[in-house]
Amino acid sequence: MSDGNSKEQQAKKSLADLFKQMVVDEKEPSPAEPPKSMDEYKFWKTQPVPRFDEEIEKEGPITIQTVDDVRKEPYPIHSSFEWVLLDLESEHDLDQLHELLYDHYVEDHDAVFRFAYSKDFFNWALKPPGWKKEWHLGVRVKETGKLVAFIGGVPGDLTIRNNDIKSVEINFLCVHKQLRSKRLAPLLIKEITRRVNLHNIWQALYTSGTVLPKPLSTCRYGHRPLNWTKLYECGFSSLPMGETKASMVAKTTISNQTKTSGWRKMEEKDVEDVYKLYDAWKSRYEITQIMTIEDIKHWIYGGDNQDGKVIHAYIVEDENNKITDFISYYVLPFSVLENPKHKELGIAYLYYYASEAGIGKSPNDAESQELLKKRLKSLVNDAMVEAKNQKIDVFNALSSQDNTLFLDDLKFGAGDGFLHYYLFNYKAAHISGGIDSKTNEFLDNNKVSSVGVVML
Ligand SMILES: CCCCCCCCCCCCCC(=O)SCCNC(=O)CCNC(=O)[C@H](O)C(C)(C)COP(=O)(O)OP(=O)(O)OC[C@H]1O[C@@H](n2cnc3c(N)ncnc32)[C@H](O)[C@@H]1OP(=O)(O)O
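Conventions and cut-offs
- Residue positions within a chain follow its written sequence, with the count starting from 1.
- Owing to the predicted nature of the model, reporting of local features is limited to residues with pLDDT of at least 70; listing and counting of side-chain atom pairs is limited to 80 or more, with chain, interface and lining totals taken over all residues.
- Just so you know, side-chain values use all the structure's heavy atoms and leave hydrogens and water out.
- UniProt positions are given in the numbering used here, feature names are shortened, and annotations may be inferred rather than shown by experiment.
- In this analysis a 1.4 Å probe is tested at points of a 1 Å grid over the protein atoms alone, and where it fits but cannot get out there is a cavity; an open set with protein on both sides within 12 Å along at least five of seven lines is a pocket; lining residues have an atom within 4 Å of a point.
- Grid points are joined across faces, edges and corners, and a volume is the space filled by probe spheres set on the points.
- In this text, helices come from DSSP runs of H or I with a minimum length of four residues, and strands from runs of E with a minimum of two, each type numbered from the N-terminal end.
- All amino acids are sorted into three groups, where Ala, Val, Leu, Ile, Met, Phe, Trp, Tyr, Cys and Pro are nonpolar, Asp, Glu, Lys and Arg are charged, and the leftover types, Gly among them, are polar.
- Annotation comment: domain bounds sourced from an automatic or database domain assignment.
- Nearness of a residue to a molecule or strand requires only that one of the residue's heavy atoms be within 4 Å of it.
- In the analysis that follows, any N or O atom pair within 3.5 Å is treated as a polar contact, provided that within protein one partner can donate a hydrogen and the other can accept it, and provided that, for residues neighboring in sequence, both atoms belong to side chains.
- In these tables, accessible area is a Shrake-Rupley quantity obtained with a 1.4 Å probe, and a residue counts as shielded only by the protein chains included in the view.
- Pairs of strands are assigned from DSSP output, requiring at least two bridges between the strands.
- Here, nonpolar core means buried Ala, Val, Leu, Ile, Met, Phe, Trp, Tyr and Cys residues that are tied together by side-chain atoms lying within 4.5 Å of each other.
- Accessible area is worked out with a 1.4 Å probe on protein chains only. A residue is then buried under 20% of its type maximum, exposed over 50%, and partly exposed in between.
- Residues are treated as being in contact if the distance between any of their heavy atoms lies within 4.5 Å.
- Pairing of aromatic rings covers Phe, Tyr and the six-membered ring of Trp, with a centre-to-centre limit of 6.5 Å; geometry is then stacked below 30 degrees between planes, edge-to-face above 60, and tilted otherwise.
- Placement of a positive charge over a ring is assigned whenever Lys NZ or Arg CZ falls within 6 Å of the ring centre and within 35 degrees of the normal to the ring plane.
- Simply put, the buried area is the total loss of 1.4 Å probe accessible area from both parts when two parts are fitted together.
- Definition used for salt bridges: Asp or Glu carboxyl oxygen within 4 Å of a side-chain nitrogen of Lys or Arg.

An unreviewed UniProt entry annotates the chain as Glycylpeptide N-tetradecanoyltransferase originating from Pichia kluyveri. Among the UniProt annotations of the chain, the heading Subunit (unreviewed entry) holds the following wording: "Monomer." The annotation that UniProt attaches to the chain under Sequence similarities (unreviewed entry) is "Belongs to the NMT family."

Asks: Tell me about empty space enclosed by the protein, residues and numbers included.
Replies: The full count for this structure, using the stated rule, is two cavities of 30 Å³ or more. Its volume calculated, the largest cavity comes out at about 100 Å³. In this structure, the largest cavity is lined by 15 residues; those nearest its centre are Ala125, Val154, Glu169, Asn171 and Leu456. Counting residues per element, the lining of the largest cavity draws most heavily on strand 8 (residues 167-175), at four residues. Partitioned by chemical class, the residues of the lining of the largest cavity number ten nonpolar, four polar and one charged. Lining the lining of the largest cavity are residues from two domains, each supplying at least three of them: domain 1 (24-206) and domain 2 (217-427). Taken as a whole, the second largest cavity encloses approximately 40 Å³ of empty space. Lining the second largest cavity, in full, are Tyr278, Trp281, Lys282, Tyr285, Thr288, Tyr352, Tyr353, Gln401 and Gly452. Contributing elements (two or more residues each) for the lining of the second largest cavity: helix 8 (271-281) and strand 17 (347-355).

Asks: Outline the site of the ligand, supporting the account with residue identities and numerical values.
Replies: In the region of the ligand, 34 residues are neighbours, and Trp44, Leu173, Ser181, Arg183 and Ala185 sit closest. Leu173 is positioned such that a nitrogen or oxygen atom in its backbone is 2.8 Å from a nitrogen atom of the ligand. Ala185 is positioned such that a nitrogen or oxygen atom in its backbone is 2.8 Å from an oxygen atom of the ligand. In isolation the ligand exposes 1200 Å². Once the protein is present, 89% of that is buried. Mapped by element, the contributors of at least two residues to the shell around the ligand are strand 8, helix 5 (184-197) and strand 9 (203-208). Among the elements that make up the shell around the ligand, the one with the highest residue count is helix 5 (seven residues). When the residues that make up the shell around the ligand are grouped by side-chain class, the tally is 21 nonpolar, eight polar and five charged.

Asks: Tell me what's going on with the sheet that holds strand 3 (residues 113-115), and back it up with residues and numbers.
Replies: Spatial strand order, 3-15-16: three strands in an open sheet with antiparallel pairing. One side of each edge strand has no neighbouring strand; the edge strands of this open sheet are strand 3 and strand 16 (344-345). Bridge count between strand 3 and strand 15 (residues 334-336): three bridges; the pairing is antiparallel. From the neighbouring strand, Phe115 faces strand 15, where its bridge partner is Phe334.

Asks: I'd like to hear about the nonpolar core, residue by residue, with values.
Replies: Within the largest apolar cluster, 103 residues are counted, with the highest numbers of intra-cluster contacts made by Ile287 and Phe395. Domain assignment of the residues forming this core places at least three in each of domain 1 (24-206) and domain 2 (217-427). Contact partners of Ile287, with chain neighbours within four places excluded, come to Leu158, Thr159, Ile160, Leu205, Leu216, Leu423, Ile431, Ser450, Val451, Gly452 and Val453. Counting residues in hydrophobic clusters, the runner-up holds 29 residues, among them Phe43, Trp44, Trp83 and Ile192.

Asks: Which residues make up the packing of aromatic side chains, and what values do they have?
Replies: For the coordinates displayed, the defined rule picks out 31 aromatic pairs. Measuring from centroid to centroid gives 5.6 Å for Tyr41 and Phe52, while their planes differ by 50°, and the two rings are tilted. A residue pair is termed long-range when its members are at least 10 positions apart, and Tyr41 in the loop between helix 2 (15-23) and strand 1 (60-61) and Phe52 in the loop between helix 2 and strand 1 qualify at eleven residues. The exposure class of Tyr41 is buried, given its relative accessible area of 4%. Considering the side-chain rings of Tyr330 and Tyr351, the 5.6 Å spacing of their centres and the 90° angle between planes classify their relative orientation as edge-to-face. Here the residue Tyr330 occupies a position in strand 14 (residues 323-331), and Tyr351 occupies one in strand 17, the gap between them amounting to 21 residues. In this structure, Tyr330 and Tyr351 share a single accessibility class: buried. Residue placement shows Lys127 over the ring face of Trp131; its charged tip is 5.5 Å from the ring centre.

Asks: Which residues make up unusual backbone geometry, and what values go with them?
Replies: For the bond from Pro213 to Lys214, the omega torsion is -20°, close enough to zero to count as cis. Turning to its location among the elements, Lys214 is positioned in the loop between strand 9 and strand 10 (217-225). One non-glycine residue, Arg183, adopts positive backbone phi at about 65°. Secondary-structure assignment places Arg183 in the loop between strand 8 and helix 5. For Glu338, which is not a glycine, the phi torsion comes out positive at approximately 50°. Along the polypeptide, Glu338 turns up in the loop between strand 15 and strand 16.

Asks: Lay out the domain arrangement of the chain with the relevant residues and their values.
Replies: The figure often quoted for interface size is the accessible area lost as the parts come together. Assigned domains of the chain: these are domain 1 (24-206) and domain 2 (217-427). Taking only C-alpha atoms into account, the centre of domain 1 sits 26 Å from that of domain 2. Contacts between the two partners involve 52 residues from domain 1 and, on the opposite side, 43 residues from domain 2. For the pairing of domain 1 and domain 2, the buried interface totals around 4300 Å² over both sides, and the portion due to carbon and sulfur atoms is 62%. On the domain 1 side of the interface with domain 2, the three residues burying the most area are Phe113, Trp124 and Tyr206, jointly 18% of the side's total. Here domain 1 is connected to domain 2 by three salt bridges. Residue Asp120 pairs with Lys309 through a salt bridge whose shortest N-O separation is 3.5 Å. Inspection of the domain 1/domain 2 interface yields 19 residue pairs in polar contact (both at pLDDT 80 or more). At five residues, the largest contribution of residues to the side of domain 1 that touches domain 2 is made by helix 4 (residues 119-126).

This is how it looks when you write it as structure tokens:
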């Protein structure tokens, strides 16, 4: 979308704009425009979700039921298929899920990159405290046992504008390419809903790049190259006009030394302190995940089997050994298809963080925002230094949380991807995702998103 205003902005190119060119299509994407009318959402119009044109006057559940109202039998499925609950403790089932998602999950438009999910990743993402096998739902071909579809749910209670809500997070919905457009996705969604409802849980949070009725929030991806040459050779970044490969490498080079004093890797003994920081920090946002100490141990520290492959967390300790900050990122590589030189791109995603610099401070207070901005820049810079030393090629962050305070300054380029957040069976007024609703640019002037929850 280009108008006079955006042309004018283009004339004043900052360094940050230059980086944006590496990853943004020429045409600015339009994030939350519904691709079809509500009536054409044959499945979603039957579900308890807000309509696109609905004004939200009162926040809360859309339909109220009891467990007695819930169907006790699984929904019928075509006779060639059967429902299966994956046993993610078993190598066989982990292998099957890996194979399905590797070959059939989200690819980029040109099918050059795809997510390279690992077994370690599934163990982390699908087995947090309170996980249930009943929510690892697959569809198999009866005759061959081949897994052809999956949807996953994990516990994930939420706070939405001071209301605590028992909830699940739904993720990894995937249908084999040869079975697409056969309405298997709605069947998986109905069946997982039934299985969640049987636990007296009626709300869910999910995200998607697809526009469905109706986004609660929309965030934009930012990408910070750490190994520009490799990104260029893989076709992830292009060479902006007027630049040379050498000038791009120079502009994206970061030090290999962290600089925040008191910085160190998080250890298991830090879990409780990190929990306290997280819990005090989250009131900055309008939607957050409620986490117990056990949740922090799993999601931030990595759990009992922490082997440093998926989640990486660091803390800052002051001179009295008090933990004042933490920051974390998870690693999920891309497979690079048909590239003679590279098979995989190392990708890190900024995850949860908290800093005393922002606790008890309002995002509307310019002075404390300025201090927080300085702090976050230091923390994220050092997280990127660690990531670079772990051979990560690009560091991604959404425009959620307080990220717009540092995205431009730390040379994140705005990507062409948007992530929409949805709530199932809950009406809530729109929450800022850190982008300007007219230009889709990251918010600036110390304005931030109110989305505090990070989905994988
Ligand atoms: C209380 C507990 C509640 C629990 C449940 C909460 C809800 C959870 C909701 C799920 C959260 C998932 C979060 C993630 O994992 S987001 C990641 C989604 N996965 C992928 O993008 C992987 C690659 N794509 C595929 O595997 C398939 O294309 C999928 C499976 C996406 C659709 O399969 P297929 O292409 O073969 O289509 P169909 O004929 O079966 O079905 C067509 C219907 O499906 C609607 N559709 C399309 N894409 C999505 C989507 N991403 N979320 C929700 N609905 C979607 C579509 O509008 C249409 O409905 P309607 O337009 O007629 O109305």
